[in-house]
Amino acid sequence: MSNRQVDYLLIGGGLAAGNCARWLRESGADGSILLVGREPDLPYNRPPCSKGYLQGIDSREDVLFRPPGWFAEQQIEVLTRTSAMKLDPAERTVKLSDRSEISFGQALLATGANVRRLNVPGCELEGIHYLRTLGNSDAIREDASGKRVVLIGGSYIASEVAASLTERGSTCTMVMIEPVALSRGFGQTSGRFFQSALEEHGITVHGDDQLKRFEGSDGRVTRVITKAGRELDADAVVIGAGAVPDVTLARGAGLELGSSGGVAVDSHLQTSVPGIYAAGDIAQYDSVVNGGASIRVEHWDVAFNHGKTAALNMLGQDAAHDVVPYFFSDLSDWASLEYVGPAYEWDREVVRGSLDDGEFTVFYLQGARVAGALSVGRSDDLDAARRLISSATDLGDGVDALGDLSSDLSQL
């Protein structure tokens, strides 16, 4: 027998669950809402973990999704430091880590992702950090500020943390498999621009290399050894090796999983069990703006918008998720990018504006169709990119107009 019953059960303490709760209430839900999260904090924005919060500019309260009193005002119950241990879709119950059992009407799974940990010699040494939560950010700020720091990885986390720690007086070195920073997702044209910004501010970047092992003294890391033979002194290490969707609960419940390892959902974010939805990092969904392809996107903005779509469908509004995913990244105040897509593959890049001037947009094309776009200082170009991605417009001979500053993108 369950201890209690709720109308809407939201499993996960991040933005997907928080925004789902918000839209349930704002869209007229008058039933009971319970949000369960394993972290000690209320739902918060994750990007500041590697940016303003890590730098000490943003406070803990600054990064919260809503002020602490908001949930009580909206009659939304929140259980922090609580995990969902077992989900029974047939009985519509979930067992929690506090040994209670909850019966629910509809549910959202938004369990997020776990960092990908590297298993190399010396990985157990103190001073080696991963970044996913506010607590991780606190530990990195305390342990690495003003010291020699080696960052493993060449994407968002390593690049952003390197910039933030440099602002805090650290001497940072990046080691990455990619030849150029951020090039795996954005190509080398954009990557060289961002890597130049990092290097101009004193960050050393080693591309085309891999971590081999850590060495230490008295149980703490002191050196990073790479496969290319580099020996890098380190007082602290931060690893940004990606993340793995946390589908443990979904798998145990027998929910269908997708080809990329996420929870398979339809364009309405409903799982293989009616009335149970998935959102955020774990959701592999049928994208209505990517030609019906089944995609999974890891980013806070995706989770945020997923939460709204799930809420509307819980309320019977038949809302397909038609939002073009949006990303942003800040390397301190040195360079900021905005991106819509994602373009998993592309065969041509068209640049609008000037990389030398630091104001440009790179359009990523598959054939004559826009698959994604990255902008630095030209946000308005992204409106056209979203429209062209959503409509799958074949630009034909008009592709070159994307790079012509005299052309009106709204007419394409």
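Residues numbered from 1 in each chain as written. Predicted model: local features only at pLDDT ≥ 70, side-chain atom pairs only at ≥ 80, totals over all residues. Heavy atoms only, no water.

(A) Focus on the environment of Lys227. Here Lys227 is to be found in the loop between β13 (220-226) and β14 (231-233). Spatially, the C-alpha atom of Lys227 lies 9.8 Å from that of Asp208, the residues being 19 residues apart in sequence. (Helix = DSSP H or I, 4+ residues; strand = E, 2+ residues; numbered from the N terminus.)

(B) Quick peek at the pairing of strand β5 (residues 93-96). As judged from the four bridges shared by strand β4 (residues 84-88) and β5, these two strands associate in the antiparallel manner. Bridged to Asp88 within β5 is Thr93. The antiparallel hairpin formed by β4 and β5 contains four residues in its connecting segment, where Arg92 sits at a positive phi of about 55°. As judged from the three bridges shared by β5 and strand β6 (residues 101-109), these two strands associate in the antiparallel manner. Residue Val94 lies in a different strand from β6, and its bridge partner there is Ile102. Linking β5 to β6, which pair antiparallel, is a turn of four residues; within it Arg99 sits at a positive phi near 75°. (Pairing = 2+ DSSP bridges.)

(C) Representation of the sheet that holds strand β12 (residues 211-217). If you trace the three strands from one edge of the open sheet to the other, you get β12-β13-β14, paired in antiparallel fashion. Two strands bound the open sheet, and with one partner strand each, they are β12 and β14. The sheet shows a mean angle of 30° between the axes of neighbouring strands, direction not considered. Two strands pair when backbone bridges link them, and β13 and β14 are joined in this way by three bridges, in the antiparallel orientation. In the sheet register, Ile225 faces β14, and the bridge partner there is Glu231. (Axes fitted to C-alpha atoms, helices over the stretch in contact; angles between N-to-C directions.)

(D) How the structure looks around the sheet that holds strand β21 (residues 326-331). The strand order across the open sheet built from five strands is β21-β22-β25-β24-β23, with neighbouring strands paired in antiparallel fashion. Strand pairing shows two members of the sheet lacking a second neighbour, β21 and β23 (348-354), which therefore form its edges. Shown here is a sheet whose adjacent strand axes are inclined to one another by a mean of 15°, direction ignored. Pairing between strand β24 (residues 359-366) and strand β25 (residues 369-376): seven bridges, direction antiparallel. Across the sheet, Thr361 pairs through a bridge with Ser375, a residue of β25. Each of β21, β22 (335-340), β23, β24 and β25 is contacted by helix α6 (residues 183-200), which is oriented at about 165° to β22, the strand it contacts most. (Contact = heavy atoms within 4.5 Å.)

(E) Spotlight on the side chain of Asn313. By secondary structure assignment, the location of Asn313 is in helix α8 (residues 300-314). Residues in contact with Asn313, not counting those within four places in the same chain, are His268, Tyr277, Asp318 and Ala319.

(F) Here's a closer look at the pattern of salt bridges. Following the criterion strictly, the structure yields 22 salt bridges and no others. Residues Asp41 and Arg60 are paired through a salt bridge, measuring 2.9 Å at the closest nitrogen-oxygen approach. Placement of Asp41 in the loop between β2 (33-36) and α2 (52-55) and of Arg60 in the loop between α2 and α3 (68-73) is noted, with a sequence separation of 19 residues between them. You can call Asp41 buried: its relative accessible area is 15%. Connected via shared salt-bridge partners are Arg148, Arg213, Glu215, Arg223, Asp233 and Asp235. (Salt bridge = Lys/Arg side-chain N within 4 Å of Asp/Glu carboxyl O. Buried < 20%, exposed > 50% of the residue type's maximum accessible area, 1.4 Å probe, protein only.)

(G) Structural context of helix α1 (residues 15-26). Over its twelve residues, α1 runs 16 Å from end to end, which matches the ideal 16 Å to within 8%, given 1.5 Å per residue. Burial analysis of α1 places eleven of its twelve residues in the buried class, which makes it a mostly covered element. Along α1, the residues that are buried comprise Leu15, Ala16, Ala17, Gly18, Asn19, Cys20, Ala21, Arg22, Trp23, Leu24 and Arg25. Just downstream of α1 lies Gly28, where phi reads positive at about 105°. (Expected span 1.5 Å × (residues − 1).)

(H) Molecular detail of helix α5 (residues 156-167). Between its terminal C-alpha atoms α5 stretches 17 Å, which fits the 16 Å expected from twelve residues at 1.5 Å a residue. Of all the twelve residues making up α5, nine are buried; the element is thus mostly covered by neighbouring parts of the structure. Burial in α5 covers these residues: Ala158, Ser159, Glu160, Val161, Ala162, Ala163, Ser164, Leu165 and Thr166.

(I) Summary view of unusual backbone geometry. Of note, the amide linkage connecting Gly341 to Pro342 takes the cis form, showing an omega dihedral of 0°. The residue Pro342 is located in the loop between β22 and β23 in this model. Of note, Asp218 is a non-glycine position whose phi angle comes to about 55°, a positive value. For Asp218, the position within the fold is in the loop between β12 and β13. Although it is not a glycine, Ala392 sits at a positive phi angle of roughly 50°.

(J) Structural context of the side chain of Ser329. For Ser329, the position within the fold is in strand β21. In this structure the side chain of Ser329 is engaged in a polar contact, spanning 2.5 Å, whose partner is the side chain of Glu160. If sequence neighbours within four positions are ignored, Ser329 has contacts with Lys51, Tyr156, Glu160, Ala335, Ser336 and Leu337. (Polar contact = N/O pair within 3.5 Å; in protein donor to acceptor, adjacent residues only side chain to side chain.)

(K) Summary view of the state of the cysteines. Tallied over the full model, the rule gives zero disulfides. Here Cys49 is not disulfide-linked; the sulfur of Cys172 is the nearest cysteine sulfur, at 17 Å. For Cys49, a relative accessible area of 3% translates into the label buried. (Disulfide = S-S within 2.5 Å.)

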